[in-house]
Amino acid sequence: MSLEELYRQVILDHYRNPRRSGSIEHPDATAEGNNPLCGDEVTIEVVLDEGVVTDAAVRGRGCSISQASASMMADRIVGMSVEEIATLTRQVKAMLDIEAGDPGLDSDRPGAVLGDLEALAGVKQFPVRIKCADLPWTTLEEALASDVV
Ligand code: ZN
């Protein structure tokens, strides 16, 4: 199986079986985002405990890239501190060429930091889809910035 095919399967798996899909009754932080270019919508809710995300939920609709990105993100961030999430978000955006920086790809380190998220790197071939992949991450940044606990 080619790497491209593997990435496509990872994205389709998250699209068809979204992780942490739904909502949280009393979230500490929430945000809604949309990508009018594609019609993608994402709502993110998180529970925070002393700066650590202890629960997360996402719901939305749109293309496979946006929804898979949201699913991968929600799956990843639970258990991470807000600071760790900020670092991860920068890495994802660097991977997508939205921001300068080192995404930590092609590292020799075992268990590359991005893991499954590297599947999103394929969208760089389709610039119009970059916003789709980025939408959940930008929305998450807004959610965490809105937290006024
Ligand atoms: Zn999209």
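Structure: above.
What comes next is a walk through the structure. (Residues numbered from 1 in each chain as written. Predicted model: local features only at pLDDT ≥ 70, side-chain atom pairs only at ≥ 80, totals over all residues. Heavy atoms only, no water.)

What follows is about the nonpolar core. Residues Val-46, Ile-77, Leu-117, Leu-120 and Leu-140 are the most contacted members of the largest nonpolar core, which totals 40 residues. Broken down by secondary-structure element, the contributors of at least two residues to this core are α1 (3-16), β1 (29-35), β2 (40-49), β3 (52-61), α2 (64-77), α3 (82-95) and α4 (127-146). Element by element, the count of residues in this core is highest for α4, at eight residues. Residues in contact with Ile-77, not counting those within four places in the same chain, are Val-46, Val-53, Ala-56, Ile-85 and Leu-140. (Core = buried A, V, L, I, M, F, W, Y, C linked by side-chain atoms within 4.5 Å. Buried < 20%, exposed > 50% of the residue type's maximum accessible area, 1.4 Å probe, protein only. Helix = DSSP H or I, 4+ residues; strand = E, 2+ residues; numbered from the N terminus. Contact = heavy atoms within 4.5 Å.)

Sheet strands line up and pair through hydrogen bonds in the backbone, either parallel or antiparallel. Within the open sheet, the three strands sit side by side as β1-β2-β3. Their pairing is antiparallel. Every other strand in the sheet has two partners, leaving β1 and β3 as the edge strands with one partner each. Taking the axes of each pair of neighbouring strands and ignoring which way they run, one obtains an average angle of 15 degrees across the sheet. Relative to β3, β2 runs antiparallel, the two being bridged by nine bridges. Note on β3: the bridge partner recorded for Val-46 is Ala-56. Sheet strands touched by α2: β2 and β3. Its angle to β3, the strand with the most contacts, is close to 165 degrees. Lying over the sheet, α4 contacts β1 and β2, oriented at roughly 150 degrees with respect to β1. (Pairing = 2+ DSSP bridges. Axes fitted to C-alpha atoms, helices over the stretch in contact; angles between N-to-C directions.)

Here the structure, examined in full by the defined rule, presents seven salt bridges. The shortest N-O distance in the salt bridge between Lys-93 and Asp-134 comes to 2.6 Å. You can see Lys-93 sitting in helix α3 and its partner Asp-134 sitting in helix α4, a full 41 residues away along the chain. Taking relative accessible area as the criterion, Lys-93 reaches 4% and is therefore assigned buried. Each member of the salt-bridge network shares a partner with another, and the members are Lys-93, Asp-134 and Glu-141. (Salt bridge = Lys/Arg side-chain N within 4 Å of Asp/Glu carboxyl O.)

Octahedral metal centres with six donors ideally show angles of 90 or 180 degrees, and tetrahedral centres with four donors ideally show 109.5 degrees. Listed as protein donors to the zinc ion are Cys-38 (SG), Asp-40 (OD), Asp-40 (OD), Cys-63 (SG) and Cys-132 (SG); their distances from the metal cover 2.1 to 2.7 Å. Read in sequence order, the donor residues for the zinc ion give the motif C-x1-D-x22-C-x68-C. Since its relative accessible area comes to 36%, Cys-38 is described here as partly exposed. (Donors = N, O, S within 2.8 Å, 3.2 Å for Na, K, Ca; no water.)

With that settled, the discussion passes to a nonpolar patch on the surface. Together, Met-1, Leu-3 and Leu-6 line one region of the surface with nonpolar side chains, adding up to about 340 Å² of accessible area. With respect to the helices and strands, Leu-6 occurs in helix α1. Since its relative accessible area comes to 39%, Leu-6 is described here as partly exposed. (Patch = residues over 30% accessible without salt bridge, like charges linked within 9 Å, V, L, I, M, F, W, Y side chains within 5 Å. Areas by Shrake-Rupley, 256 points an atom, 1.4 Å probe, with all protein chains shown as cover.)

Let us look at the layout of surface pockets. A water-sized probe rolled over the atoms picks out the places where empty space is left. Taken as a whole, the largest pocket holds about 300 Å³ of empty space. Together, 13 residues line the largest pocket, and Arg-8, Ile-11, Ile-65, Gly-122 and Phe-126 are the ones closest to its centre. Elements represented by at least two residues in the lining of the largest pocket include exactly α1 and α2. Among the elements that line the lining of the largest pocket, the one with the most residues is α1, at five residues. The residue inventory of the lining of the largest pocket, partitioned by class, reads seven nonpolar, three polar and three charged. (1 Å grid on protein atoms, 1.4 Å probe; cavity = no way out; pocket = protein on both sides within 12 Å on 5 of 7 lines; lining within 4 Å. Points joined across faces, edges and corners; volume = space filled by probe spheres on them. Nonpolar A, V, L, I, M, F, W, Y, C, P; charged D, E, K, R; others polar.)

Take Arg-19: it is sitting in the loop between α1 and β1. Judged by relative accessible area, Arg-19 falls into the partly exposed class, the value being 24%. Each C-alpha atom, one on Arg-19 and one on Asp-75, is 6.0 Å from the other, the two residues being 56 residues apart in sequence. In this structure, Arg-19 is in contact with Asp-13, His-14, Val-58, Ser-71, Ala-74 and Asp-75, ignoring residues within four places of it in sequence. A polar side-chain atom of Arg-19 sits 2.7 Å from a polar atom in the side chain of Asp-13. Within the local environment of Arg-19, its side chain forms a polar contact with the backbone oxygen of Asn-17, the two atoms lying 2.6 Å apart. (Polar contact = N/O pair within 3.5 Å; in protein donor to acceptor, adjacent residues only side chain to side chain.)

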